[in-house]
Amino acid sequence: MTTSAIDESVAADRGSYSFSGIRASLRWAWPALTVVVLLIAAWQIYVEISGIRPQVLPSPSRVVVQGWAQRDAIAENAAATLQVTLVGFAVSLALAWLLAIAVDFSPWLRRAFVPLFVVSQTLPIIAIAPLLIIWFGFGLLPKILVIALATFFPMAIGLIEGFAAADRDARSLLASMGASRWQQFRYVRLPSALPRFFTSLRIGITYAVVGAIFAEYAGASAGLGIYMSQQKNSFRTDLVLAAVAVTAVISVVLFVSTFVVERFVAPWARHGTVGLHV
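Treat the numbers as computed from the prediction; the structure is a model and nothing was measured.

Reading the values: rules and limits
Residues numbered from 1 in each chain as written. Predicted model: local features only at pLDDT ≥ 70, side-chain atom pairs only at ≥ 80, totals over all residues. Heavy atoms only, no water. Helix = DSSP H or I, 4+ residues; strand = E, 2+ residues; numbered from the N terminus. Buried < 20%, exposed > 50% of the residue type's maximum accessible area, 1.4 Å probe, protein only. Areas by Shrake-Rupley, 256 points an atom, 1.4 Å probe, with all protein chains shown as cover. Contact = heavy atoms within 4.5 Å. Expected span 1.5 Å × (residues − 1). Bend = angle between axes of the 7 residues up to and from the residue.

Trainee: Give a description of the overall build of the protein that names residues and reports values.
Mentor: A tally of helices and strands in the protein yields 10 helices and 0 strands. When the elements of the protein are put in sequence order from the N terminus, they spell out α-α-α-α-α-α-α-α-α-α. Sorting the 278 residues of the protein into buried and exposed places 37% on the buried side. Counting only carbon and sulfur atoms, one obtains 69% of the accessible surface of the protein, whose full area is about 15,700 Å².

This is the structure:
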């Protein structure tokens, strides 16, 4: 198939996605949604039959009612957590791209940095977060650092491995035509890395929310992490679970958004065609 034919196919695919893609997504999500509904129903029945105290285990209906009653406070703290998550993840994303590109162009940097990337994942974030608060205060910087520690590794490694897995024949062809290393990177190595990158991006974006919550637990003036800590100390288990549910919704929305971005940034991944895209 020629490049022009592939481009026409991609354009047609984008036009038809609005309906077929939604139907396919619903078919894919239906089993998981069914399991969730059954678990919530079992939870509700157990609470009603057992008579367990709501301070220990509130019913799902109580969580919804009390969460809705506190919707303004929860929404305010959720907005703070989302802001920290997006800023921290954007910084981590930029660093992952810069260092992955540098490592791809320099074997010496690969030997110097990749072991450090691995070591960074041995640091216990739950222990590091309070130290960062002590060193840098309660502002935005320590939260960004926690999110970066939680999300940088999968994205950087995904990019590095994606660059290295580029088609050798395509690279040799461009080299024989006099293409520079940068041109080989632009037309072969970069398109080849994007599918792996988006896989690691989906891992990173979920870690980003968890990292933000950890940072807020360690010390913050606003956010779902500090909100859950306050409600836990007040024995409001229902509001803790309401905040947990909002955190899960944020994570799922961010996770799903990566598929939307991938469809427009790397549409060739679905056609199995990588490289030589101008």
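Trainee: Would you mind going over unusual backbone geometry in detail, with residue names and values included?
Mentor: Peptide bonds are mostly trans, and most non-glycine residues show a negative phi. Even without glycine at this site, F235 takes up a positive phi of about 60°. Taking the relative accessible area as the measure of exposure, F235 reaches 60% and is therefore exposed.

Trainee: If you had to explain the side chain of R202 to someone new, which residues and values would you point to?
Mentor: For R202, the position within the fold is in helix α8 (residues 181–218). The contacts of R202, once residues within four sequence positions are left out, are F255, T258, F259 and E262.

Trainee: Tell me about α8, and name the residues and values.
Mentor: Compared with the 56 Å implied by 1.5 Å per residue over 38 residues, the 45 Å span of α8 between its first and last C-alpha is markedly short. At R189, α8 shows its largest bend, some 40°, and a proline, P191, comes one to four positions later.

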